[in-house]
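# Architecture at a glance
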Number of protein chains: 2
Amino acid sequence: MSLPLLSTMMDVPLTVQSILERVRTLYREREIVSLMASGKDEAGNPVPRVHRSTYGQVADRALQLANALASLGVTQGDRVATLAVNSYRHLECYFGIPAMGAVLHTVNIRLHPDQVAWILNHAEDRVLIVENLFAGMIPAIRAACPALETVIVMGPLPAPLEGVLDYDSLIADFSDDFQYPDLDESQAAAMCYTSGTTGNPKGVLYSHRSTVLHSLVSAPKDALNVGEADTVMAIVPMFHVNAWGLPYTCALAGAKQVFCGVFSDGHNVAKMLEQERVSITAGVPTIWMGLLGELDRAQEAGTPYDLHRLQSLIVGGSAAPEAQIRAFQTRHHLTLKHAWGMTETHPIGTVSTLPPGVSLTSDEGFALQAKQGRAVPMMGLALLSDEGEPLPHDGHTMGRLMARSPWVAASYFKGEGQSNFIYIGGQLWFDTGDIATIDGRGYMHIQDRSKDLIKSGGEWISSVDLENALMAHPAVAQAAVIAISDPKWDERPLGVLVLRPGADAPGHAELSAFLAPKFAKWWLPDAYEVVLALPIGATGKFLKRELRDQFTAYRAAGTAER
Amino acid sequence: MSLPLLSTMMDVPLTVQSILERVRTLYREREIVSLMASGKDEAGNPVPRVHRSTYGQVADRALQLANALASLGVTQGDRVATLAVNSYRHLECYFGIPAMGAVLHTVNIRLHPDQVAWILNHAEDRVLIVENLFAGMIPAIRAACPALETVIVMGPLPAPLEGVLDYDSLIADFSDDFQYPDLDESQAAAMCYTSGTTGNPKGVLYSHRSTVLHSLVSAPKDALNVGEADTVMAIVPMFHVNAWGLPYTCALAGAKQVFCGVFSDGHNVAKMLEQERVSITAGVPTIWMGLLGELDRAQEAGTPYDLHRLQSLIVGGSAAPEAQIRAFQTRHHLTLKHAWGMTETHPIGTVSTLPPGVSLTSDEGFALQAKQGRAVPMMGLALLSDEGEPLPHDGHTMGRLMARSPWVAASYFKGEGQSNFIYIGGQLWFDTGDIATIDGRGYMHIQDRSKDLIKSGGEWISSVDLENALMAHPAVAQAAVIAISDPKWDERPLGVLVLRPGADAPGHAELSAFLAPKFAKWWLPDAYEVVLALPIGATGKFLKRELRDQFTAYRAAGTAER
């Protein structure tokens, strides 16, 4: 056998440095807009103020930051943590920290200071860059993190805080003439911890290679459709999973970026979308729930927002119910576009763009849009049975969703959680923990988290499908369906509902009749309970584990027919 | 200093295998249409016949081909040559040959059999796959290439030819169940020789990595804008520089592909564009010249083509004159989109999409469209002086254009032509041999091949600029401007013109007056000569070297004022 012939192509690494250089040279004048918190009003709420910057200014300051961090002793491979909202300063960290070979470690601002300290210690962060809004956490974090050498605060503090550096003053002392170090594309560029709903959070280290490839596959029109003429507002937080990679994808394309900081309520979001003529925005379903309410309110008041430039609202994190997709499309001519991914997948795995010939407003179109979509290029997806056998992609067989790609994790930091990484036919795959179907055209549909799946009489019931259907009922605002133990069937579904303001609780018979046309009889919940609110975790998802704990001793009052 | 921290991402190689698997699974039903030559008419011209296939069929046959080649002893790193036009069978070779780890070596059909044999011997091809149209070359090639073991003919032969295999019969004997070998992404996937206008042709080996990355950067809307809903007709040949990578870019996106084989005349091109509802097409300026004539003719005859689905005509290979861009836009509402690249750059380096806020039909828009455009992501461009110093990107300083990217050659096959690869500041760059300007927004404008540049009194004159301006004159169909030697100024420009049918040759004074508003006085040609045709090489470019030989002893009759 002859030896493999190598190509004669250049060995040029894929790095965040090249993204930074691209905005610094080609897109200098393109705008970066940030809604900053500027003091508080009488009720103690932060007051929004628009800050305008450009890619040129952000890039130059990112290079100043790189010089500043180098002067503090930060070197290749060191973790630099951020605890910050979406803003131009956070974007400077996104560029400057990886460009110098250090690791941008974004920490979730919604965690308790103890959890933040646990993660900082586990990641062995040397530097922490904190938004002034969260400065209150600093003393507790410092006390708990002896290895943390430097704390830098972004934005003015109401009162001086000993031993911390001011971000703007710090970088002002340094030049933007920075000598990029040579990097290997497999070096770590960024780090993010899983939300850790079971056990301790686990760290995922993104590489320069995975960051660039993820940006390249996210841009085309069948994915997020980002170009220079676009204005993109990522409401999805930069403190979790790189805001779905959008800060880098937009930079590579030269798209204008808008950040709304802490102001993610319906009114502020709608105002920014209109004012900045946003064409693409991205967030979790709860954000869109707030926006939909505001758009409905404005329309009814005869003062609708002008959002004609808005082409898509990318939705991920958890599934948007078909009812929400239909509501945006039919009442406001706005298109929700599903994307699916996880901390471990950088995150984008699939996007639900419709195939040629299927109309956006047809029943087939709405049904496909409610699925998570098709794999982006170079993303491999497979379904496995509980016995580890491959399952068909026929649109109805449910299986454990497995992923394999250059931007999927092969392990966690410090080698934890190895049971999630499995060799199949000699190739390493990541077990997503999701239960899904994939149809003949490749549309993937998450049925459940495997731990949330309801196993009734040896068969699987998808809680997600039932929840989405329940949320289409006019009286239901939110729905979670969980397993309750059953002596005969092992597990049976219980519907836990939050009602719309002013709505009366619908009866069991009414809800069963409402669901009946869409599901087999044995899928229908045995009972329903109404609660005032569902428990929500730090990344905005329902905490079903808490619900299950709450209803652990629950027994359905009547014997449901089945 | 701490050691660089590696990421925890999977080590998944970027390979053509994954492109093939994508079309085989996600896009099985999407169509592949080929205009095949089916016998000859009374005048001896080939008769077109439409052949319809799908990605599923093409992918399955590509895997059968891989099994067939393996049975012939082809193994990783072996070169398999093709001598073929654009068709579904050639697309099967594009998938099947690299997927098995062999190297797809596309050979230019316009070369003389002696040149083909020289290239096959230099590349050490073991197998040659020939389109039946070129079967006449087989005896001469076999006689000259003793290392060539197998010849396979695509399509029926009028008479049997000893010792050759029939492509369809060969693959029919093999299964489409093929076990992909593990490949390293830096292995060679394809090979193409430069057109070799000076010296012997030189081989460039594309890697699996460069092929995938090139496809990813080509797809977004500011590049070629390819998606699943598109129908793409690459008229640019698959036998040279991978047809600008379009077969792979389209496959990755799931776009329908249309091939017009040997039928690249205005009538057949227009007919296929209309009939197949093509949205993107790509070719060299001479193809568009033929199409423009046909569209004008049909419009004047009151039977215009319906090309409302056609969004862009990508133009490369050589520059399209602004007059041609304006003619398509104003007379037919069709947009020409410049792309620039070379055999050594895979080829795409730049695409001339307009920045936000510049109208397609404004003077600024037309001027920008006549430039070669901006670098795609991960493509580095620089300008160097003759002394090797970096020059500013100010839109008017001309310099030697240098390129650096994961899909730019670092050397030629067998280490030839090393002077084209230069270290600058520790990094390897490719000297394109072009003289260009780059403006503040990154728009690159080729001024000349460095060997075609006219050096007058120590200053540079761009022949390309003068040619484009001359081609806007109503009497001029084609123009080439070359250097003639001058005792005082060293070199001076001579305009060599081909007139439009029926046009009278314009005088020197008239042409000078026509050019004067656009150029410094000393740029204007000293003289003009009218010829019946310009010499054109195998890749469709003017052979200026031949023109210079022809006019080597030329002296301008009058002394031009300057």
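Read on for an overview of the structure. (Residues numbered from 1 in each chain as written. Chains lettered and ligands numbered in written order. Predicted model: local features only at pLDDT ≥ 70, side-chain atom pairs only at ≥ 80, totals over all residues. Heavy atoms only, no water.)

### With respect to the nonpolar core
Counting residues in each nonpolar core, the largest one holds 258 residues, and the members touching the most others are F95(A) and F95(B). Not counting residues within four places of it along the chain, the set of residues in contact with F95(B) comprises V16(B), I19(B), L20(B), V23(B), V58(B), A62(B), Y248(B) and A251(B). (Core = buried A, V, L, I, M, F, W, Y, C linked by side-chain atoms within 4.5 Å. Buried < 20%, exposed > 50% of the residue type's maximum accessible area, 1.4 Å probe, protein only. Contact = heavy atoms within 4.5 Å.)

### Focus: the relation of the copies chain B and chain A
When chain B is fitted onto chain A, the two copies agree to an RMSD of 0.0 Å after a turn of 180° and an axial shift of 0.0 Å. Such values leave the two copies arranged in the relation of a two-fold axis. Nearest to the rotation axis, the C-alpha of P220(B) is located 2.1 Å from it, this being the minimum over chain B. Comparing contact sets, 100% of the residues at the interface of chain B also lie at the interface in chain A, consistent with an isologous, same-surface contact. (Least-squares fit on C-alpha atoms with pLDDT ≥ 70 in both.)

### A word on the interface of chain B and chain A
Contacts between chain B and chain A engage 79 residues on the former and 79 residues on the latter. Taking both sides of the interface into account, the surface hidden between chain B and chain A amounts to around 5800 Å²; carbon and sulfur atoms contribute 61%. By the criterion of area lost to chain A, the three top residues of chain B are L5(B), M9(B) and M10(B), representing 14% of everything that side buries. Connecting chain B to chain A are 6 salt bridges. Inspection of the chain B/chain A interface yields 28 residue pairs in polar contact (both at pLDDT 80 or more). Looking at the side of chain B that touches chain A, the elements that each hand over two or more residues are helix 1 (16-25), strand 9 (203-207), helix 7 (208-218), helix 8 (246-253), strand 16 (374-375), strand 18 (399-404) and strand 20 (427-438) of chain B. In terms of residue count, helix 7 of chain B provides more of the side of chain B that touches chain A than any other element does, 6 residues in total. Its residues assigned to classes, the side of chain B that touches chain A shows 45 nonpolar, 21 polar and 13 charged. (Buried area = accessible area lost by both parts, 1.4 Å probe. Salt bridge = Lys/Arg side-chain N within 4 Å of Asp/Glu carboxyl O. Polar contact = N/O pair within 3.5 Å; in protein donor to acceptor, adjacent residues only side chain to side chain. Helix = DSSP H or I, 4+ residues; strand = E, 2+ residues; numbered from the N terminus. Nonpolar A, V, L, I, M, F, W, Y, C, P; charged D, E, K, R; others polar.)

### Description of the sheet that holds strand 3 (residues 79-83) of chain A
Residues and elements named next belong to chain A. Read from one edge to the other, the open sheet built from 7 strands follows the order 7-6-5-3-4-8-9, with strand pairing classed as mixed. The open sheet has two free edges, formed respectively by strand 7 (165-166) and strand 9 (203-207), since each of these has just one partner strand. Sheet analysis places strand 4 (residues 103-106) next to strand 8 (residues 188-193), joined by 2 bridges and oriented parallel. Each bridged residue has a counterpart across the sheet, and for H105 the counterpart in strand 8 is M191. Its contacts with the sheet put helix 7 (residues 208-218) on strand 8 and strand 9, and the angle it makes with strand 9 is roughly 75°. (Pairing = 2+ DSSP bridges. Axes fitted to C-alpha atoms, helices over the stretch in contact; angles between N-to-C directions.)

### Overview of helix 13 (residues 463-470) of chain B
For helix 13 of chain B, a buried count of 8 out of 8 residues is recorded, marking the element as mostly surrounded by other parts of the structure. Residues of helix 13 of chain B that are buried include every one of S463(B), V464(B), D465(B), L466(B), E467(B), N468(B), A469(B) and L470(B), and no others.

### Description of the pattern of salt bridges
If you walk through the whole model with that rule in mind, you get 56 salt bridges over all chains. Connected via shared salt-bridge partners are E31(A), R52(A), K256(A) and E276(A).

The values are spatial; any link to function lies outside them.
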